[in-house]
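Observations on chain architecture
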Amino acid sequence: MLFNFQNTYNKLPEIFYSKQLPSPVREPKLLYFNTDLAHELNLNIQNQEELTLILSGNKLSSGSEPIAQAYAGHQFGHFTILGDGRAILLGEILDKNQKRKDIQLKGSGKTTFSRGGDGRATLSSVLREYIISESMYALNIPTTRSLAVIGTSDKVFRGDLLASAVLTRVADSHIRVGTFEYFEDTNSLKILADYVIERHYSHIQNTPNKYLELLENIINAQAQLIAKWMNIGFVHGVMNTDNMTISGETIDYGPCAFIDEYNPDTVFSFIDTNGRYSFSNQAGIALWNLSRLAESLLPLFDSEPAKALEQAKEKLYKFSEEFEFYWLNEFRNKLGLQEEIPEDHDLFRSLLDLMHKNKADFTNTFRNLSKFNNIFPEGCETKNADLWLATWRARLKQEKTSPQEQINLMNKHNPVYIPRNHRVEQALLAANQGDFSLFDKLLEIMKKPFSENIIWQEYTELPSENERVKQTFCGT
Ligand code: AMP
Ligand code: MG
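Described below are features of the structure shown in this document. The structure presented is a predicted model; accordingly, all values stated were derived computationally and were not measured.

Some words on the overall build of the protein chain
In terms of regular secondary structure, the protein chain is built from 14 helices and 12 strands. Taking 476 residues into account, the globule formula puts the C-alpha radius of gyration at 23 Å, and the protein chain, at 23 Å, falls close to it. For the protein chain, the spread of C-alpha atoms along the three principal axes comes to 65 × 60 × 40 Å. Counting only residues that meet the buried cut, the protein chain has 58% of its 476 residues in that class. In the protein chain, of all internal contacts separated by at least 6 residues, the share reaching a separation of at least 24 is 71%. Of the roughly 20500 Å² of accessible surface on the protein chain, 50% is carried by carbon and sulfur atoms. Side-chain charges of the protein chain comprise 50 positive and 61 negative groups, with the mean position of each set lying 2 Å from the other.

Set out below in structure tokens:
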């Protein structure tokens, strides 16, 4: 038995999901299998043939009771009923640490929530999710993970006929802000909230107003997550409420991308014409999404609407403070600092301003700081940079830690490698033509993003003007 399923979500009332078998694919082929993750999940891998059949959706593993989950969401600000239109939850398992994980197939065929869609995913979109989610994991950012990619000989139509694939996604759960938005009746809401508390936030079970505590915990998890995105240069690109998890994991790798030259207004996604989900808007949007969550939960806070609203607001006000706290903390690590002082905020902001003005590469600037190099590209204004460096160095001198400890701290928080957009695009282009060597290489490098290896020097370099990826597409 590959998976030892122990399902709980499908024990909830039937309005939470629809029972749904994956649709078979033609000529399934195991393209990628994440053995490290399989090990963490305690999987019992017998033979590759069976593995391929199960992860393609062509064979049902024993104990699997597949469902498509119901959810709604605000997409670019507009409320819509959604649900798993091309994903099927095979079931839940307990990992090595007895932590419950969802095993989901993505691109596994139509469901009752597919609306006009074909329920399938392109090979490019699946490989993209695989490489970016695994990179995020290696960069220490909470994320859903990718267990396998199954290639098929079925083609999907996206303007052209394209190769398709099925991804196996692993998550703490697939419950989203949009899952709460789906339910209007208080009874279902309560069932969902109780389920979420038991699964994700069991330490608040016995608190006096556990639903308010739940909101507070989710706000905290998201504040931590977005702070991490901001300090690694990650732009999610499509922060709709259905793409925001309750667990605090990054989910749904569509048009996401990492920043090269720092510009806070960066938008990659082709569909994000107004920059709603730009790099610098992410904390604000997270708060907007959490406000939709709070609205959904209102009936559980207090039977008196005005009182419930006041309580919710009080929790939401905490988001900015918490976000700032985590952001400062992580920034301190990036600069090798441990002591907190009131000037931290200005020190960090002025570095970002300098980086913006000088079009400095986000990743390389931070990494080079630990070498105490000149931090900005050659030919850029140096006066202000020198001033900034002097202030920072004076700060480092006042620290209790040794210079070596400071460098170690910085190197643990400033990656050498990120999956740069042009590298991802090159790898996907080649993979679509049957050459997976670039993808393999990127995957290998991204397993150890903090350890410098001279042979991978070119993966730290910025794209040439020809290679530059200015826009990303959902490419679903
Ligand atoms: P996303 O943009 O990936 O967050 O998806 C938004 C909604 O569209 C979700 O309900 C998806 O399940 C659905 N969806 C996306 N692509 C497809 C597809 N090819 N077939 C059916 N539903 C889809
Ligand atoms: Mg989504």
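Moving on from the coordinates now.
Remarks on the environment of N408
In this structure, N408 sits in helix α12 (residues 403–413). The partly exposed category is assigned to N408, whose relative accessible area is 41%. Once the C-alpha coordinates of N408 and R145 are considered, the two residues, 263 residues apart in sequence, prove to be 27 Å apart.

A few points about the coordination of the magnesium ion (ligand 2)
Expected angles at a metal are 109.5 degrees for tetrahedral coordination by four donors and either 90 or 180 degrees for octahedral coordination by six donors. N243 (OD1) and D252 (OD) make up the full set of protein donors to the magnesium ion (ligand 2), lying at 2.0 to 2.2 Å. Considered together, N243 and D252 belong to a single accessibility category, that of buried residues.

Some thoughts on the nonpolar core
Counting 113 residues, the largest nonpolar core has F180, L335, L351, L369 and W388 as its most contacted members. Other than its neighbours up to four places away in sequence, L351 contacts F331, L335, F366, L369, I375, F376 and W388. Within the second largest apolar cluster, 22 residues are counted, among which are A38, L43, V166 and V170.

Some words on the pattern of salt bridges
Close approach of charged atoms allows side chains of opposite charge to pair. On inspection of all chains with the given rule, the structure shows 34 salt bridges. Across the pair E216 and K315 runs a salt bridge, and its minimum N-O distance is 2.5 Å. Here K315 lies in helix α8 (residues 305–334) and E216 lies in helix α6 (residues 210–230), a separation of 99 residues in the sequence. Two residues, K318 and E216, come together in a salt bridge whose shortest N-O distance is 3.5 Å. Taken together, the residues span a long stretch of sequence, with K318 in helix α8 and E216 in helix α6 at a distance of 102 residues. Several salt bridges share partner residues, and in doing so they unite E92, R100, D102 and R199 into one network.

So, the pairing of strand β4 (residues 72–75)
Pairing between β4 and strand β5 (residues 78–81): 4 bridges, direction antiparallel. Considered in β5, the bridge of H74 is made with F79. Between the end of β4 and the start of β5, which pair antiparallel, lie 2 residues, with F76 showing a positive phi angle near 50°.

Some remarks on the environment of P449
Tracing the backbone through its elements, the reader meets P449 in the segment after α14 (437–445). Dropping the residues within four chain positions of it, P449 is found in contact with A138, L139, P415, V416 and Y417.

Quick word on the packing of aromatic side chains
Considering all chains together, one arrives at 24 aromatic pairs under this definition. Pairing Y417 with W456 gives two aromatic rings, centres 6.0 Å apart and planes at 80°, and the pair type is edge-to-face. Of this pair, Y417 sits in the loop between α12 and α13 (421–432) while W456 sits in the segment after α14, and the two are 39 residues apart along the sequence. Of the two residues, Y417 and W456, both sit in the buried class. Following the ring pairs from residue to residue traces out a cluster consisting of Y262, F279, W327, F331, F348, F362 and F366. One cation-aromatic arrangement involves R145 over Y137; the distance from NZ or CZ to the ring centre is 3.4 Å. Directly above the aromatic system of Y459 lies the positively charged group of R423, at a separation of 4.5 Å from the ring centroid.

Examining the side chain of H74
Its place among the elements puts H74 in strand β4. Polar side-chain contacts of H74 include one of 2.5 Å to the side chain of E181. Setting aside chain neighbours within four positions, we find H74 in contact with F79, E181, N240, T241, D242, W288 and R292.

Brief notes about the packing of helix α9 (residues 344–357) against helix α10 (residues 362–369)
Orientation of α9 relative to α10, taken along the N-to-C sense of each, is 125°, at an axis distance of 11 Å. The angle between α9 and α10 places the two elements in the oblique class. Once α9 is placed against α10, the crossing between them reads as right-handed. On the side of α9, the interface is formed by L351, L352 and M355, while α10 contributes F362, T365, F366 and L369.

Comments concerning the packing of α6 against helix α7 (residues 282–301)
Interhelical geometry of α6 versus α7 gives an angle of 170° and a closest axis separation of 10 Å. Judged by the inter-axis angle, α6 sits roughly antiparallel to α7. Taken together, the residues of α7 that come into contact with α6 (itself represented by Y211, L212, L215, I218, I219, Q222, I226, W229 and M230) are Q282, A283, A286, L290, L293, A294, L297, L300 and F301. Looking at the contact of α6 with α7 residue by residue, the class counts come to 16 nonpolar, 2 polar and no charged.

Some words on the pairing of strand β7 (residues 100–106)
β7 sits mainly inside the fold: 6 of its 7 residues count as buried. Pairing between strand β6 (residues 87–94) and β7: 7 bridges, direction antiparallel. Across the sheet, the residue bridging to L94 is R100, located in β7. The hairpin turn running from β6 into β7, its antiparallel successor, is 5 residues long, and Q98 in that turn takes a positive phi close to 65°. In terms of strand pairing, β7 meets strand β10 (residues 160–171) through 5 bridges, oriented antiparallel. Residue pairing across strands places L105 opposite T168, the latter belonging to β10.

Conventions we followed
Residues numbered from 1 in each chain as written. Chains lettered and ligands numbered in written order. Predicted model: local features only at pLDDT ≥ 70, side-chain atom pairs only at ≥ 80, totals over all residues. Heavy atoms only, no water. Helix = DSSP H or I, 4+ residues; strand = E, 2+ residues; numbered from the N terminus. Rg over C-alpha atoms; globule rule 2.2 N^0.38 Å. Buried < 20%, exposed > 50% of the residue type's maximum accessible area, 1.4 Å probe, protein only. Contact = heavy atoms within 4.5 Å. Areas by Shrake-Rupley, 256 points an atom, 1.4 Å probe, with all protein chains shown as cover. Lys, Arg positive; Asp, Glu negative; His and termini not counted. Charge placed at Lys NZ, Arg CZ, Asp CG, Glu CD. Donors = N, O, S within 2.8 Å, 3.2 Å for Na, K, Ca; no water. Core = buried A, V, L, I, M, F, W, Y, C linked by side-chain atoms within 4.5 Å. Salt bridge = Lys/Arg side-chain N within 4 Å of Asp/Glu carboxyl O. Pairing = 2+ DSSP bridges. Phe/Tyr/Trp six-rings, centres within 6.5 Å; stacked < 30°, edge-to-face > 60°. Lys NZ or Arg CZ within 6 Å of the ring centre and 35° of its normal. Polar contact = N/O pair within 3.5 Å; in protein donor to acceptor, adjacent residues only side chain to side chain. Axes fitted to C-alpha atoms, helices over the stretch in contact; angles between N-to-C directions. Parallel < 35°, antiparallel > 145°, perpendicular 65-115°, else oblique. Left-handed = near helix turned anticlockwise from the far one by under 90°. Nonpolar A, V, L, I, M, F, W, Y, C, P; charged D, E, K, R; others polar.

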